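Chain residues, written in single-letter form:
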Amino acid sequence: MKVFTILIILFLVFSIVLTKQQEEKSRARSPHLKEPTPTGELIVKLKEGITVEEFTDKTGLVLIKKLNFGSRNYLFKKTSLEFVEMVKAKGKGKGKGFQKPIFRIDSILKTHLEELVEHYEENRFYKPYLKTYEPSDSLFEDQFHLVNTGQFDGLEGFDVNVQPLWDEGIFGAGINLVIVDDGLYKDHDDLKGNYNPDLSYDYCNDITDPTGTIDDTHGTACAGMAGASGDDGACGVGIAPSVNLSGRRIICSGVTFSDMANSLGDEMTSVIDISSNSWGDFGCDIYGCSYVKVSKVLKEAIAEGVANGRNGKGIIYTFAGGNEGDYGGNVNHYSTNKLLEVITVAAVSNGGKHSHYSNIGTGILVSTISSGRNQKDKYITTRTTGSETSTSCDERFSGTSSATPLLAGGIALMLEKNSNLTSWDVQSILIESATFIDPPYKDNRWVTNNAGYKFSPNFGFGLFDANKAVQIAENWESLPPMQTFVTPIQNKIVDIPEDDKNGVNLHLTIETEDALTITGGVILYLSVEHSYIGDLDIKVISPHGTIAYVMDKNSNLQTKLDRHYFSIRTFYGENSKGTWTLNVRDYVPVDEGKILDWNLEFYGVNQEIPEVPEFEDRSLVYPELEEDESLASNLNCSSLLLMLISLFLFIIF
């Protein structure tokens, strides 16, 4: 009987523990059940016989309007809004918390309301979730970059936040997006409905059909990532399922720089909105890294497209940041991929980590989601591939190649909402709307600059958030035309001290009359002779103390840099006035070198950056602490059970 009683007690304790755990799980709120945001207004139904004039005289409230339902329903406000200070969101900030309007009801007002109205309620913004666009495409449920439900061991909710836009009917309609790549299989079931032949061309064969050969699968996969149509039952869906897609085939033997330049900007630049480019130069491999000199013709073609394309608003160019991260790859090794005129894209995994292959660098603008967390999440795209059939799907396409057209399609959603955005406006909006991501697994070297913006060479300004970007785009006031200021070349030859932790510091000063608010970025032009350039660590420090980690020690085998172009996004929003510092360190005592010349070029405007609304903080909460706490909880429960079992065994024996 004693044994039976103890077993009953153990069973009851175990049941209580399980019940408590279930209750804790049930407390986790759905993201759709968040408290609606107040407007600072009051909805009132007046009592029978009470006039608006009588109500306003006694309460001091101001009539906004009569509501359409009923005969005595009105919307009122106070003579001035009251605000409550909220906790500052993570990510970019200006040193302040954000404020939420409230309608505070004191005892006097409450007395008047009880006397004059039947009922009242604080007015709030309400976002219904009843109509949700869920594509019927066969592989949509696997597309965690669009809607992350935790597929493939990912973190639920860590995605590009496009669902709210789809629910509003924003699909990229009317926007022309060109995929510059190895081919586009225009007859694929997932693409043919959006295919636009007018802007397509095969520069390899001088024909208008961009399909290419059966082996040209890369560009088709990129096209599906951006604009695969929805509800056709084929494969997955693109982030902008109604965008106009064109293909420009340039990846083949025999293509020239002039062909490539034409693919980026030709006589059709007036109608091209977005150019997506998931290609680049050789940068790094298992044998080491090389700095690639910027092609003048490609740079000019892109500069022309940004200055005069889209009837003066500028073509928006997206470029992949590259996939040589495992070998020390940095976007500043490359040519066109890091130009300030283009949007350079890095990749993060569905678990919120920097993808191991994704190149880092101060030229990265933003990140989008691709593979890189584990082997399972290589099933990133689930959309289209070029092949002999019109229904084939590619479930293995990833890298910064997939991250780039994902962003390009997201930009199409922005342009559908506001087609007047310039190319530079789009860059600013992407910076303003990016979500701060800081996985605790390693130091991501986030820097908060003097203007309050956070930047990391791993992630740029953060993760692309489609919904937030479109909301900002809707009411964005375009910045003035981009200006540049180039400093004189500093050509005094300076030795680089060997194995010196402080390195050498060189300085130049920007006077007030030449100062700009930095919006496009900063270019460092640098010439160096060194027996092993990979030994060098290069930083640029602004007058406000912000550090840009331009290049780390790596496996670069070169011995000379000749006016190499290093792009730097870190200083967005800062004023260029003051003394700038170039710091170069040599980590190894054996090799010798010297700085031959250097200077800076600033891209900016003569005004402050406009303020944007505050949004809900979507910064990722990483699971480590939660797992630790859960582990501790489980350990406590296990310890309790172990103690009871030990007691039971003690009594028995």
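Residues numbered from 1 in each chain as written. Predicted model: local features only at pLDDT ≥ 70, side-chain atom pairs only at ≥ 80, totals over all residues. Heavy atoms only, no water.

## Here we look at the state of the cysteines
Part 1 of the reasoning: Counting across every chain of the model gives one disulfide.
Part 2 of the reasoning: Two residues, Cys204 and Cys252, share a disulfide whose sulfurs are 1.8 Å apart. Between Cys204 and Cys252, the S-S torsion sits near -105°, and that sign places the bridge as left-handed. Taken together, the residues span a long stretch of sequence, with Cys204 in the loop between β8 (201-202) and α5 (218-227) and Cys252 in the loop between β9 (244-249) and α6 (257-264) at a distance of 48 residues. (Disulfide = S-S within 2.5 Å. Helix = DSSP H or I, 4+ residues; strand = E, 2+ residues; numbered from the N terminus.)

## Focus on the packing of aromatic side chains
Part 1 of the reasoning: Across all of its chains, the model carries 14 aromatic pairs by this definition.
Part 2 of the reasoning: Between Tyr525 and Tyr565 the ring centres are 5.9 Å apart and the planes differ by 85°, which places this aromatic pair in the edge-to-face class. With a gap of 40 residues between them, Tyr525 in strand β23 (residues 517-530) and Tyr565 in strand β26 (residues 560-568) connect regions that are remote in the sequence.
Part 3 of the reasoning: You can call Tyr525 buried: its relative accessible area is 14%.
Part 4 of the reasoning: Tyr565 gets classed as buried once you look at its relative accessible area, which sits at 5%.
Part 5 of the reasoning: Across from the ring centre of Tyr549, 4.6 Å away, lies the NZ or CZ of Arg445, which sits over that ring. (Phe/Tyr/Trp six-rings, centres within 6.5 Å; stacked < 30°, edge-to-face > 60°. Buried < 20%, exposed > 50% of the residue type's maximum accessible area, 1.4 Å probe, protein only. Lys NZ or Arg CZ within 6 Å of the ring centre and 35° of its normal.)

## Some words on a nonpolar patch on the surface
Part 1 of the reasoning: On the surface, Ile286, Tyr287 and Tyr327 cluster together into a nonpolar patch covering about 410 Å² of accessible area.
Part 2 of the reasoning: Positionally, Tyr287 belongs in the loop between β11 (284-285) and β12 (288-289).
Part 3 of the reasoning: By relative accessible area, which is 68% here, Tyr287 ends up exposed. (Patch = residues over 30% accessible without salt bridge, like charges linked within 9 Å, V, L, I, M, F, W, Y side chains within 5 Å. Areas by Shrake-Rupley, 256 points an atom, 1.4 Å probe, with all protein chains shown as cover. Salt bridge = Lys/Arg side-chain N within 4 Å of Asp/Glu carboxyl O.)

## Side note on the UniProt feature "active site" (unreviewed entry) in the protein chain
Part 1 of the reasoning: UniProt records the feature "active site" (unreviewed entry) for Asp181, His218 and Ser401 in the present numbering. The greatest C-alpha distance among the annotated residues, which extend across 221 residues, is 10.2 Å, indicating that they converge on a single site.
Part 2 of the reasoning: Summarising the element assignment, Asp181 is placed in strand β7 (residues 176-181).
Part 3 of the reasoning: The buried category is assigned to Asp181, whose relative accessible area is 1%.
Part 4 of the reasoning: Within the fold, His218 resides in helix α5.
Part 5 of the reasoning: By relative accessible area, His218 is classed as partly exposed at 22%. (UniProt positions renumbered as here; feature names shortened; annotations may be inferred.)

## Examining the confidence of the model for the protein chain
Part 1 of the reasoning: Taken residue by residue, the protein chain gives an average pLDDT of 80. The fraction at 70 or more is 75%.
Part 2 of the reasoning: Predicted confidence is poor over residues 86-98, with pLDDT under 50, and the contacts of this stretch with residues over four places away or in other chains come to 30 contacts.
Part 3 of the reasoning: Residue range residues 625-643 is modelled with pLDDT below 50. Its contacts to residues more than four positions away, or to other chains, number seven contacts. (pLDDT = per-residue confidence, 0-100. Contact = heavy atoms within 4.5 Å.)

## A few points about the sheet that holds strand β24 (residues 536-541)
Part 1 of the reasoning: One open sheet accounts for four strands, arranged β22-β27-β24-β25; its pairing is antiparallel. In this open sheet, the two edge strands, each paired with only one partner strand, are β22 (504-510) and β25 (547-551). Each strand axis lies, on average, 20° off the axis of its neighbour in the sheet, ignoring direction. (Pairing = 2+ DSSP bridges. Axes fitted to C-alpha atoms, helices over the stretch in contact; angles between N-to-C directions.)

## What about the packing of helix α9 (residues 423-433) against helix α10 (residues 466-474)?
The relative placement of two packed helices is expressed as an angle between their axes plus a distance between the axes.
Part 1 of the reasoning: Packing of α9 against α10 leaves a shortest axis separation of 9 Å and a crossing angle of 130°. Judged by the angle between their axes, α9 and α10 are oblique. The chirality of how α9 crosses α10 is right-handed. Across the interface between the two elements, Ile429, Glu432 and Ser433 from α9 touch Lys468, Ala469, Ile472 and Ala473 from α10. (Parallel < 35°, antiparallel > 145°, perpendicular 65-115°, else oblique. Left-handed = near helix turned anticlockwise from the far one by under 90°.)

## Focus on unusual backbone geometry
Part 1 of the reasoning: The backbone of Arg445 sits at a positive phi, close to 50°, despite the residue not being glycine.
Part 2 of the reasoning: Residues other than glycine seldom take positive phi values, yet Arg563 does so here, at roughly 50°.
Part 3 of the reasoning: Turning to its location among the elements, Arg563 is positioned in strand β26.
Part 4 of the reasoning: In this structure Arg563 comes out as partly exposed when scored by relative accessible area, which is 26%.

## With respect to the pairing of β25
Part 1 of the reasoning: Where β24 lies against β25, four bridges are found, and the strand directions are antiparallel. For Ile538, the partnering residue across the bridge sits in β25 and is Met551.

## Notes on α6
Part 1 of the reasoning: Those residues of α6 lying buried are Asp259, Met260, Ala261, Ser263 and Leu264.
Part 2 of the reasoning: Those residues of α6 that are buried are in contact with β7, β9, β10 (274-277), α7 (296-308) and β13 (316-320).

## Examining the pattern of salt bridges
Part 1 of the reasoning: Scanning the entire structure with this criterion turns up 17 salt bridges.
Part 2 of the reasoning: A salt bridge links Glu48 to Arg72; the nearest nitrogen and oxygen atoms lie 3.8 Å apart. With Glu48 in the loop between β1 (38-46) and α2 (52-59) and Arg72 in the loop between β2 (62-66) and β3 (73-77), this pair connects stretches of sequence that are 24 residues apart.

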